[in-house]
Amino acid sequence: NLFFLIFLMLFSCSQTPVLKEKSFGELPLEKYTEASLIDQLNLYFPEEKIKISQAAQDGPNYTKVEFGNIGYFKIENDRLKEFYIEDSSFFDQYGAHVGLSAATLFKIRPEIEIQRDYHHINARYPDSNIYYQLSGGPENKPQSSYSQEEIDRMSLSLIIWKPE
């Protein structure tokens, strides 16, 4: 696929870390505690600012570890729960990035599955640690009733890494 070859060529010339199934750049993604995650971020990305805060959600509150302009880590019960990439200049190993159209995502990862829940529409490849949150669907319509054509017109709003 020409798109993927161009992506690989551009990436090989770049120093921007790429999200992979088990790492972000050189940073191994593991089931870190909050303290060990911060130590590893400082070791692998000393130039990035780290901000720690408490955040609330429908479930249990969590610790949010913001990581420069890249995104943030979600820590629950002192364990890494998820890593969210919000910055469109960071790619995953498949060539996906925030802002990519859902239709293009489905072309580069053809067996991806759509998961609908009350709050979000996510796309996930079976047995992958990498998820994609989609946004941009029709207003005033339940997400559970979006058609495939409506989903195709959406775009990636977040890339999410979750441990196995």
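Preceding block: the structure.
Rules and cut-offs
- Residues numbered from 1 in each chain as written.
- Predicted model: local features only at pLDDT ≥ 70, side-chain atom pairs only at ≥ 80, totals over all residues.
- Heavy atoms only, no water.
- Helix = DSSP H or I, 4+ residues; strand = E, 2+ residues; numbered from the N terminus.
- Rg over C-alpha atoms; globule rule 2.2 N^0.38 Å.
- Buried < 20%, exposed > 50% of the residue type's maximum accessible area, 1.4 Å probe, protein only.
- Contact = heavy atoms within 4.5 Å.
- Pairing = 2+ DSSP bridges.
- Axes fitted to C-alpha atoms, helices over the stretch in contact; angles between N-to-C directions.
- Core = buried A, V, L, I, M, F, W, Y, C linked by side-chain atoms within 4.5 Å.
- Polar contact = N/O pair within 3.5 Å; in protein donor to acceptor, adjacent residues only side chain to side chain.
- Arc of directions from axis to C-beta.

## Section: the overall build of the protein
In step 1: Of regular secondary structure, the protein possesses four helices and 10 strands.
In step 2: Its helices and strands taken in sequence order, the protein reads α-β-β-α-β-β-β-β-α-β-β-β-α-β from the N to the C terminus.
In step 3: For the protein, the C-alpha radius of gyration of 16 Å lies close to 15 Å, the compact-globule estimate for 164 residues.
In step 4: Expressed as a percentage of its 164 residues, the buried residues of the protein come to 39%.
In step 5: Long-range contacts, defined as pairs at least 24 residues apart, comprise 47% of the intrachain contacts of the protein with a sequence gap of at least 6.

## Thoughts on the sheet that holds strand β6 (residues 79–85)
One key point about sheets: their strands pair by backbone hydrogen bonds, in either a parallel or an antiparallel sense.
In step 1: One open sheet accounts for eight strands, arranged β3-β4-β5-β6-β10-β9-β8-β7; its pairing is antiparallel. Each of the sheet's edge strands pairs with one partner strand only, and the pair in question is β3 (50–55) and β7 (113–116). The mean inter-strand angle of the sheet, taken between neighbouring strand axes irrespective of direction, is 25°.
In step 2: Against the sheet, helix α2 (residues 34–44) contacts β3, β4 (62–67) and β5 (71–76), and its axis sits at roughly 155° relative to β3.

## Concerning the nonpolar core
In step 1: Leu19, Phe24, Phe73, Phe83, Leu105, Tyr132 and Leu134 are the most contacted members of the largest nonpolar core, which has 37 residues in total.
In step 2: No other element matches helix α3 (residues 102–108), which puts four residues into this core.
In step 3: When neighbours within four sequence positions are excluded, Phe73 is seen to be in contact with Leu27, Leu29, Leu37, Leu41, Thr63, Lys64, Val65, Phe67, Leu80, Glu82 and Phe83.
In step 4: Counting residues in each nonpolar core, the second largest holds seven residues, with Tyr62, Tyr72, Tyr84 and Leu158 among its members.

## Overview of the side chain of Thr63
In step 1: Inspection of the secondary structure assignment puts Thr63 in strand β4.
In step 2: Here the side chain of Thr63 touches Gln54 through a polar contact of 3.2 Å, side chain to side chain.
In step 3: Once residues within four sequence positions are removed from consideration, Thr63 is found in contact with Glu34, Ile52, Ser53, Gln54, Phe73, Lys74 and Ile75.

## Notes on α2
In step 1: Here α2 has its buried residues at Leu37, Ile38 and Leu41. All buried residues of α2 fall inside an arc of 95° around its axis, so they share one side. Exposed residues lying more than 90 degrees from the buried face of α2 are Ala35, Asp39 and Leu43.
In step 2: Contacts made by the buried residues of α2 are with β2 (27–28), β3, β4 and β5.

## Topic: the pairing of strand β8 (residues 121–124)
In step 1: Residues of β8 alternate between two faces, with Ile121 and Ala123 on one and Asn122 and Arg124 on the opposite face, all of them buried.
In step 2: Relative to β8, β7 runs antiparallel, the two sharing four bridges. Paired with Gln115 across the two strands is Asn122, which belongs to β8.
In step 3: When β8 meets strand β9 (residues 130–135), the two strands line up antiparallel, connected through four bridges. By the bridge assignment for β9, Arg124 is matched with Tyr131.
In step 4: Turn length for the β8-β9 hairpin, with the two strands adjacent in sequence and antiparallel, is five residues, and the turn residue Asp127 shows positive phi of about 60°.

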